Structure formats: C-alpha cells, structure tokens
Amino acid sequence: MKTGYLTLETHPEHLDLVRVIVKDKLPNTQEASHGSQIRYIARFNDIDAGQMHLHNMLHNNLVDLDNHIYRIDLNQAIAAVEADDLNHARVWIDPSLGENDRSVIDTQTAKFKLRHKKWNRFWLIVGAAFVIYFFIMTLFGQI
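So, a few notes on the structure that sits alongside this text. Everything numeric here is computed off the predicted structure, so don't read it as measured data. Every chain begins its residue count from 1, and numbering advances along the sequence as written. Only residues with pLDDT of 70 or above have their local features reported here, since the model is predicted, and side-chain atom pairs are shown and tallied only from 80 upward, although totals for entire chains, interfaces and linings are computed over all residues. Side-chain numbers here rest on the full set of heavy atoms in the structure, without hydrogens or water.

### Let's talk about the overall build of the protein
Turning to step 1, where the next piece is worked out: Secondary structure elements are taken from DSSP: a helix is a run of H or I of four residues or more, a strand is a run of E of two residues or more, and numbering for both begins at the N terminus. Helices and strands together make up the secondary structure of the protein, namely 3 helices and 6 strands.
Turning to step 2, where the next piece is worked out: Going residue by residue from the N terminus, the α and β elements of the protein occur as β-β-β-α-β-β-α-β-α.
Turning to step 3, where the next piece is worked out: Computation of the radius of gyration draws on C-alpha atoms alone. For the globule rule, the value is 2.2 Å times the number of residues to the power 0.38. The C-alpha atoms of the protein give 19 Å as radius of gyration, which overshoots the globular expectation for 143 residues (15 Å, by more than 25%).
Turning to step 4, where the next piece is worked out: With respect to the three principal axes, the spread of C-alpha positions in the protein is 70 × 30 × 25 Å.
Turning to step 5, where the next piece is worked out: Relative accessibility under 20% of the residue-type maximum defines a buried residue, over 50% an exposed one, and the middle range a partly exposed one, all with a 1.4 Å probe and only protein chains included. Residues classed as buried in the protein amount to 34% of the 143 residues present.
Turning to step 6, where the next piece is worked out: Note on contacts: a residue pair qualifies if any of its non-hydrogen atoms lie within 4.5 Å across the two residues. Pairs at least 24 apart in sequence give 66% of the contacts found in the protein among residues at least 6 apart.
Turning to step 7, where the next piece is worked out: Per-residue accessibility takes into account occlusion by the displayed protein chains alone, with areas from the Shrake-Rupley method and a 1.4 Å probe. For the protein, the exposed area adds up to about 9200 Å²; of that, 56% sits on carbon and sulfur atoms.

Put into structure tokens, the structure is as follows:
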C-alpha cells in the first residue's frame, strides 16, 4: 500500500470534463498544468486502490484513459471520491464552490453510499446462498 493524494482538476474551457491525477506529495493548489485548476484533493492510505475505485465509479464517463479524463460534473466526481469505503480524508476543496454545490455533493455522496450498501448486501446474499447450497450438497453426499 502506498499513501498518496488524488486530485480532481477542471479547465475553464472544458467545464464538463474532470481530470483525475494521483500524486505522491501534497500538491500546491495554485499549481496546475495547462491552465487547469485543482478543485479537490483527498489523501488515500492506498492511492492505487483509491484510483481504481474512483475509475470503477466513473468508468461510464471515461473520455481519455491515458490522461484520466472523465465527462462528469465536478460535484458528482467529488461525491464519488467522498463515498468511497476506503480509508481516505478530504484534504482540500475549492473555496469557490458555494453552499449549493456542497449541498449537491452531500446529496450525491449519500446516493453513492446507498448504492454501495445495496450492492454489498446483494453480494452478501449471493455468497450466503452458495454457502447454504454447498452445505446441503455436502449433507446429501453430492460433493
């Protein structure tokens, strides 16, 4: 496991695109490449898993795999990071995001967490069904 920082960047000319960047050290919020702006930073204890989980959440919105660019609203991208079950912490969020944006982030985060909970429950039920099936098969000597 490697600790790192996951940053979300936007560019003023492409507001519907979010770029995900992973860094080993805390990035300076004033330093971004090619006119883009850092809008959010989170610290993950396992940055590789954090990046993978975020990609799994946003894969339907992928635009450019090599540059980690997704066509998604910034608020939804932040909510996807915030909803992750991995051990992580918000380090910085762009102060220009207003109360309405933060409310949208909180609402979307709750929706993502509920979706995670439902999927976890589904797979728990599937696993329990297979355990019961194998137990019954063992009792009747079929395995």
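### Observations regarding helix α3 (residues 99-139)
Turning to step 1, where the next piece is worked out: The length a helix should cover is 1.5 Å for every residue beyond the first. Taking 1.5 Å of rise per residue, 41 residues should cover 60 Å, and α3 covers 60 Å from first to last C-alpha, within 8% of that figure.
Turning to step 2, where the next piece is worked out: Buried-residue contacts for α3 involve α1 (47-58), α2 (74-82) and β6 (88-93).
Turning to step 3, where the next piece is worked out: In the segment just after α3, Gly-141 is the residue with positive phi, at about 70°.

### Considerations on unusual backbone geometry
Turning to step 1, where the next piece is worked out: Unusually for a residue other than glycine, His-68 sits at a positive phi of about 55°.
Turning to step 2, where the next piece is worked out: Locating His-68 in the fold gives a position in the loop between β4 (62-64) and β5 (69-71).

### Observations regarding the packing of α2 against α3
Turning to step 1, where the next piece is worked out: Across the interface, α2 lies against α3 with an axial gap of 8 Å and an inter-helix angle of 45°. Considering their axes alone, α2 and α3 lie oblique with respect to each other. For the pair α2 and α3, the crossing hand works out as right-handed. Taking contact as the criterion, the partners of Asn-75, Gln-76, Ile-78, Ala-79, Ala-80 and Glu-82 in α2 are, on α3, Asp-101, Val-104, Ile-105, Gln-108, Thr-109, Phe-112 and Lys-113.
Turning to step 2, where the next piece is worked out: Its residues assigned to classes, the contact of α2 with α3 comprises 6 nonpolar, 4 polar and 3 charged. Axes, fitted as lines to C-alpha atoms, cover a helix only where it is in contact. Angles between the N-to-C directions of the axes lie from 0 to 180 degrees. Working definition: roughly parallel below 35 degrees, roughly antiparallel above 145 degrees, roughly perpendicular at 65 to 115 degrees, and oblique for all remaining angles. Here is the rule for handedness: rotate from the far helix to the near one, and if that takes an anticlockwise turn smaller than a right angle the crossing is left-handed, while a clockwise turn gives right-handed. Classification convention: Asp, Glu, Lys, Arg as charged; Ala, Val, Leu, Ile, Met, Phe, Trp, Tyr, Cys, Pro as nonpolar; all other residues, Gly among them, as polar.

### Some details on the sheet that holds strand β1 (residues 4-11)
Turning to step 1, where the next piece is worked out: Spatially, β4-β5-β2-β1-β3-β6 is the arrangement adopted by the 6 strands of the open sheet, whose pairing is antiparallel. Across the chains shown, the open sheet's two edge strands, defined by having one partner strand only, are β4 and β6. Averaged over all neighbouring strand pairs, the angle between strand axes comes to 30°, with direction disregarded.
Turning to step 2, where the next piece is worked out: Criterion used throughout: strands pair if DSSP finds at least two bridges between them. For strand β2 (residues 14-23) and β5, the ladder comprises 3 bridges, and the chain directions are antiparallel.

### Concerning the packing of aromatic side chains
Any aromatic ring pair is given by two values, namely how distant the centres are and how the planes are angled relative to each other.
Turning to step 1, where the next piece is worked out: Paired rings are identified among Phe, Tyr and Trp, the last through its six-membered ring, by centres lying within 6.5 Å, and are further divided according to the angle between planes into stacked (under 30 degrees), edge-to-face (over 60) and tilted (the rest). All chains considered together, the criterion is met by 5 aromatic pairs.
Turning to step 2, where the next piece is worked out: Pairing Trp-119 with Trp-123 gives two aromatic rings, centres 6.4 Å apart and planes at 20°, and the pair type is stacked. Residue Trp-119 and its partner Trp-123 are located together in helix α3, separated by 4 residues, close to a single helical turn.
Turning to step 3, where the next piece is worked out: With centroids separated by 6.3 Å and ring planes inclined at 35°, the aromatic side chains of Phe-130 and Phe-134 adopt a geometry described as tilted. Residue Phe-130 and its partner Phe-134 are both found in helix α3; the two are separated by 4 residues, about one turn of the helix.
Turning to step 4, where the next piece is worked out: Assessed through its relative accessible area of 48%, Phe-130 is described here as partly exposed.
Turning to step 5, where the next piece is worked out: Ring pairs connect the aromatic residues Trp-119, Phe-122 and Trp-123, which therefore count as one cluster.

### Let's talk about a nonpolar patch on the surface
Turning to step 1, where the next piece is worked out: Each patch is built from residues lacking any salt bridge and having more than 30% relative accessible area; the joining distance is 9 Å for like charges and 5 Å for nonpolar side chains (Val, Leu, Ile, Met, Phe, Trp, Tyr). For this analysis, a salt bridge means a side-chain nitrogen from Lys or Arg found within 4 Å of a carboxyl oxygen belonging to Asp or Glu. On the surface, Ile-132, Phe-135, Ile-136, Leu-139 and Phe-140 cluster together to form a nonpolar patch covering roughly 560 Å² of accessible area.
Turning to step 2, where the next piece is worked out: As for its position among the elements, Ile-132 is in helix α3.

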